[in-house]
Amino acid sequence: MTMIVLATREGFDVTDKDRFDSLHIETGDLVHEEFIALVRDSSDIQPHEKPRHLWISIDFLRQALDTASNVQRASELEDMFAYAGTQGWLNVSGTHVAAHVVLPG
């Protein structure tokens, strides 16, 4: 399993919240235009320079995983960010982590 940031008509949600070895974004049942509009209107998910990649706000992930009340989850998430940093998957300011977009099909 993978930690997934799932696009829905209501916004973005995180599934598999106890998986810290892989992260990606899924478009859910949204059509392309709906997904693009959702990203455009989001402050948590932003365009990335690479095709089929997006930036995910680290604060969004912390909030979605309720790291304020779960010390173990907070520690594992910070370890994931540290690893992402060694791979060049954090933006320059360290506020967003890169993830690839998995398309249906």
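Structure: see above.
A. The pairing of strand β6 (residues 96–102), seen in detail. With 5 of 7 residues buried, β6 lies mostly within the body of the structure. The sheet contact formed by strand β3 (residues 23–26) and β6 spans 3 bridges and is parallel. Directly across from His24, in β6, lies its bridge partner His100. Note that strand β5 (residues 53–57) and β6 share 5 bridges and pair antiparallel. Bridge pairing in β6 links Leu54 to Ala99.

B. Here's a closer look at the side chain of Ser57. Secondary-structure assignment places Ser57 in strand β5. Not counting residues within four places of it along the chain, the set of residues in contact with Ser57 comprises Asp44, Thr95 and His96.

C. Fine view of unusual backbone geometry. Its identity as a non-glycine residue notwithstanding, Asp16 has a phi of 50 degrees, on the positive side. With respect to the helices and strands, Asp16 occurs in the loop between β2 (11–15) and β3. Judged by relative accessible area, Asp16 falls into the partly exposed class, the value being 28%. Even without being glycine, Arg52 reaches a positive phi, approximately 55 degrees.

D. Region of the structure containing the sheet that holds β2. In space, the 6 strands of this open sheet follow the order β2-β1-β3-β6-β5-β4, with mixed pairing throughout. Unpaired on one side and paired on the other, β2 and β4 (45–47) mark the two borders of the sheet. The mean angle between the axes of side-by-side strands here comes to 35 degrees, regardless of whether they run parallel or antiparallel. Summarising the sheet, strand β1 (residues 3–8) and β2 pair through 5 bridges and their orientation is antiparallel. By the bridge assignment for β2, Val5 is matched with Val14. Contacts from helix α1 (residues 32–41) reach β1, β2, β3, β4, β5 and β6, with the element oriented near 95 degrees to β2.

Conventions and cut-offs
- Residues numbered from 1 in each chain as written.
- Predicted model: local features only at pLDDT ≥ 70, side-chain atom pairs only at ≥ 80, totals over all residues.
- Heavy atoms only, no water.
- Buried < 20%, exposed > 50% of the residue type's maximum accessible area, 1.4 Å probe, protein only.
- Helix = DSSP H or I, 4+ residues; strand = E, 2+ residues; numbered from the N terminus.
- Pairing = 2+ DSSP bridges.
- Contact = heavy atoms within 4.5 Å.
- Axes fitted to C-alpha atoms, helices over the stretch in contact; angles between N-to-C directions.

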